[in-house]
Amino acid sequence: MKNRYTVIFIILLVVSSVFAGALLDYFHAQNDGDNVKLEWKTTTESNLANFVVQRRTPDSQFIDLATINPKGNNSVYTYIDQAAYKMADLVFVYRLKIVDNDGSLSYSSEVSVSPNISGVKRTWGSIKAMFR
């Protein structure tokens, strides 16, 4: 009986810490012209300080892109990554860092997207980079 309560406690602890300050309904990324559009919806938010949008490529570490302040329960959030087209990588991985008011962190699942970058914009970005 004691083992059963221990298992239940561990499961509740893991579930409650997965999304410390927010319970996500969904989190996804998609091409939006030459940009990447991220969208997520929360069902509940409690003691939530903010969301930090993070991005990485398959061969790199996550970097912080933006900090988004909470709006409250049942909110939909959108973030447009306008810098994705400036990079030569073809796959980007995004996640949300969920920060509680007490500083504890949790992370959303990771989503991947391959930006649909026009050849003209990619060429122009390369030309601009040569003159920096």
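Before reading further, recall that the structure is shown in the block above.
Report follows, based on the coordinates. A quick note: this is a predicted structure, and the numbers were derived from the prediction, not measured.

1. Brief notes about the sheet that holds strand β5 (residues 76–81)
Reasoning step 1: An order of β1-β2-β5 is seen for the three strands of this open sheet, with the pairing classed as antiparallel. The sheet terminates laterally at β1 (22–32) and β5, the two strands that pair on one side only. Neighbour-to-neighbour, the strand axes of the sheet open up by a mean angle of 15°, direction not taken into account.
Reasoning step 2: Sheet topology places β1 next to strand β2 (residues 35–45); 10 bridges connect them, and they run antiparallel. Note on β2: the bridge partner recorded for Tyr26 is Lys41.

2. Observations concerning the environment of Asn74
Reasoning step 1: Note on placement: Asn74 falls in the loop between β4 (63–68) and β5.
Reasoning step 2: For Asn74, a relative accessible area of 51% translates into the label exposed.
Reasoning step 3: As a C-alpha pair, Asn74 and Thr44 span 30 residues in sequence and 6.3 Å in three-dimensional space.
Reasoning step 4: Every residue in contact with Asn74, bar those within four places of it in the chain, is listed here: Lys41, Thr42 and Thr43.

Calculation rules
Residues numbered from 1 in each chain as written. Predicted model: local features only at pLDDT ≥ 70, side-chain atom pairs only at ≥ 80, totals over all residues. Heavy atoms only, no water. Pairing = 2+ DSSP bridges. Helix = DSSP H or I, 4+ residues; strand = E, 2+ residues; numbered from the N terminus. Axes fitted to C-alpha atoms, helices over the stretch in contact; angles between N-to-C directions. Buried < 20%, exposed > 50% of the residue type's maximum accessible area, 1.4 Å probe, protein only. Contact = heavy atoms within 4.5 Å.

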